[in-house]
Amino acid sequence: MSKKILIVEDEKNIVDILSFNLGREGYETLEAYDGAAGLKLALEEDPDLILLDIMLPRMNGFDVCKAVREKNTSIPIIMLTAREEESDKVFGLEVGADDYITKPFSMRELLARVKANIRRTELTTAHPTPPAEDDGRRLVRGRIMIDMGLLMAFKDGRAVDLTPKEYELLKFLATEPGQVFSREVLMERVWNYNNFVGEDRAVDVAIRRLREKIEDDPANPEFVITRRGLGYLFREE
Ligand code: CA
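Summarised in this report is the structure supplied together with it. (Residues numbered from 1 in each chain as written. Predicted model: local features only at pLDDT ≥ 70, side-chain atom pairs only at ≥ 80, totals over all residues. Heavy atoms only, no water.)

## Observations concerning the coordination of the calcium ion
Argument step 1. The protein atoms that coordinate the calcium ion are Asp10 (OD), Asp53 (OD) and Met55 (O), at distances spanning 2.1 to 2.3 Å.
Argument step 2. Coordination of the calcium ion draws on donor residues from a single chain, spaced D-x42-D-x1-M in sequence. Separated by 45 residues along the polypeptide, Asp10 in the loop between β1 (4-8) and α1 (12-24) and Met55 in the loop between β3 (49-53) and α3 (61-71) bring together distant segments of the chain.
Argument step 3. By relative accessible area, Met55 is classed as exposed at 60%. (Donors = N, O, S within 2.8 Å, 3.2 Å for Na, K, Ca; no water. Helix = DSSP H or I, 4+ residues; strand = E, 2+ residues; numbered from the N terminus. Buried < 20%, exposed > 50% of the residue type's maximum accessible area, 1.4 Å probe, protein only.)

Right, dumping it as C-alpha cells:
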C-alpha cells in the first residue's frame, strides 16, 4: 500500500511541486493550505508523514505540531523553515518535530529525508523482533540492543519505534556508556548544529521523548541518565 504524506503549506506553487515529486516516487499526498485544515487532516487521515510549513494562516506550524503530538506521538513530522533561523529549528524540535528542512530546498534532499523518516515505521513492522542472523553490527547494552545495520533499536527483544534523530541520539550515547555529553555537544554531534548557543531545551525535549519510548519508568530512567548541570549519559553496565 502506498504511503500517505500530508503537505501543510500555504504557498500553492510549493505544494504543487511537492505533490508532483512525491507522487512520482509512489507516495499518495494530501494537501492543506492553512494550519487548521492541516491539523484536521492529520487527525482524520492518519498520514504516514507530515511536511509542515511554519508560517501558515489560521494556525502556525508549531501549534499544529504540538496539537498532533498531543494526539499521536509517532507520525514523523518534518518542518519546512523559511529562514536559516536557529530559533525556528530549535523551537520546532521543542514542540516535537522530527526533522526540519530549510527553504529553498533541493527536491533530492527532501525526498531523502522523507524516505528516512518513513523507513522507520516500515522497519518496525517488518522487524518486530531482531532478525535471527546477526550481521555483526549490533551494540548490546543490557536490555537494549542497537542494530546499526538496520538502524533500529530493540528493548527486551522487541522493536522500539524511534525517529531517525531519536535513534541517532540513543546510538550516540550508548556507544560510550558512562561518558557524559553536554547539551551543546549533543546539539552539534546529533543534530549537526554548529556553534550552537542559547536555549538547549530542545535536547531535553528529545531526551524526554526517547525515555518515554525506552524506559520502563521515564521518571526514574535506567538507561539514559541525567547529570545535573553537565548533560546526559548512557548508564554503564
Ligand atoms: Ca508559509
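## Overview of empty space enclosed by the protein
Argument step 1. Throughout the structure, instances matching the rule amount to 2 cavities of 30 Å³ or more.
Argument step 2. In this structure, the largest cavity encloses a volume near 90 Å³.
Argument step 3. Along its surface, the largest cavity is lined by Leu93, Ala97, Asp98, Thr163, Lys165, Glu166, Trp191, Val205, Ala206 and Arg209.
Argument step 4. Secondary structure elements with two or more residues in the lining of the largest cavity: α6 (164-175) and α8 (201-214).
Argument step 5. If you tally residues by element for the lining of the largest cavity, the top one is α8, at 3 residues.
Argument step 6. Its residues assigned to classes, the lining of the largest cavity shows 5 nonpolar, 1 polar and 4 charged. (1 Å grid on protein atoms, 1.4 Å probe; cavity = no way out; pocket = protein on both sides within 12 Å on 5 of 7 lines; lining within 4 Å. Points joined across faces, edges and corners; volume = space filled by probe spheres on them. Nonpolar A, V, L, I, M, F, W, Y, C, P; charged D, E, K, R; others polar.)

## Notes on the pattern of salt bridges
Argument step 1. Summed over the entire model, instances satisfying the criterion amount to 21 salt bridges.
Argument step 2. Across the salt bridge formed by Arg209 and Glu166, the nearest N and O atoms sit 3.8 Å from each other. Placement of Arg209 in helix α8 and of Glu166 in helix α6 is noted, with a sequence separation of 43 residues between them. A single burial state applies to Arg209 and to Glu166, both of which are buried.
Argument step 3. Several salt bridges share partner residues, and in doing so they unite Arg69, Asp98, Glu166, Arg209 and Lys213 into one network. (Salt bridge = Lys/Arg side-chain N within 4 Å of Asp/Glu carboxyl O.)

## Observations regarding the nonpolar core
Argument step 1. Among the nonpolar cores identified, the biggest contains 51 residues, and Leu186 and Trp191 are the most heavily contacted of them.
Argument step 2. The residues contacting Leu186, other than those within four sequence positions of it, are Leu169, Phe172, Leu173, Phe181, Trp191, Val203 and Tyr232.
Argument step 3. Counting residues in hydrophobic clusters, the runner-up holds 18 residues, among them Ile5, Ile101, Met107 and Leu111. (Core = buried A, V, L, I, M, F, W, Y, C linked by side-chain atoms within 4.5 Å. Contact = heavy atoms within 4.5 Å.)

## Quick look at the sheet that holds strand β5 (residues 99-102)
Argument step 1. What the 5 strands build is an open sheet, ordered β2-β1-β3-β4-β5; its pairing is parallel. At either end of the open sheet lies a strand with only one pairing partner, and these are β2 (28-32) and β5. Mean inter-strand twist for the sheet, computed between neighbouring axes without regard to direction, equals 20°.
Argument step 2. In the packing of α1 onto the sheet, contacts are made with β1, β2, β3 and β4 (77-81), and the angle to β1 comes to roughly 170°. (Pairing = 2+ DSSP bridges. Axes fitted to C-alpha atoms, helices over the stretch in contact; angles between N-to-C directions.)

## Quick notes on the environment of Pro218
Argument step 1. Tracing the chain through its elements places Pro218 in the loop between α8 and β10 (224-227).
Argument step 2. Taking the relative accessible area as the measure of exposure, Pro218 reaches 34% and is therefore partly exposed.
Argument step 3. Between the C-alpha atoms of Pro218 and Ile207, which are 11 residues apart in sequence, the distance is 9.9 Å.

## Some details on the packing of aromatic side chains
Argument step 1. Across all of its chains, the model carries 2 aromatic pairs by this definition.
Argument step 2. Between Phe172 and Phe181 the ring centres are 4.7 Å apart and the planes differ by 55°, which places this aromatic pair in the tilted class.
Argument step 3. We classify Phe181 as buried; its relative accessible area is 7%. (Phe/Tyr/Trp six-rings, centres within 6.5 Å; stacked < 30°, edge-to-face > 60°.)

## Thoughts on the side chain of Glu215
Argument step 1. In this fold, Glu215 is placed in the loop between α8 and β10.
Argument step 2. It is Arg211 that comes nearest to the buried, bridge-free Glu215 among opposite-charge side chains, at 4.9 Å.
Argument step 3. Within the local environment of Glu215, its side chain forms a polar contact with the backbone nitrogen of Phe223, the two atoms lying 3.0 Å apart.
Argument step 4. Not counting residues up to four positions away in its chain, the partners in contact with Glu215 are Lys155, Pro221, Glu222, Phe223 and Val224. (Lys, Arg positive; Asp, Glu negative; His and termini not counted. Polar contact = N/O pair within 3.5 Å; in protein donor to acceptor, adjacent residues only side chain to side chain.)

## Comments concerning the packing of helix α7 (residues 183-191) against α8
Argument step 1. Orientation of α7 relative to α8, taken along the N-to-C sense of each, is 70°, at an axis distance of 9 Å. Considering their axes alone, α7 and α8 lie roughly perpendicular with respect to each other. Taking contact as the criterion, the partners of Arg183, Leu186, Met187 and Trp191 in α7 are, on α8, Ala202, Val203, Asp204 and Ala206.
Argument step 2. Class assignment of the residues belonging to the contact of α7 with α8 gives a composition of 6 nonpolar, no polar and 2 charged. (Parallel < 35°, antiparallel > 145°, perpendicular 65-115°, else oblique.)

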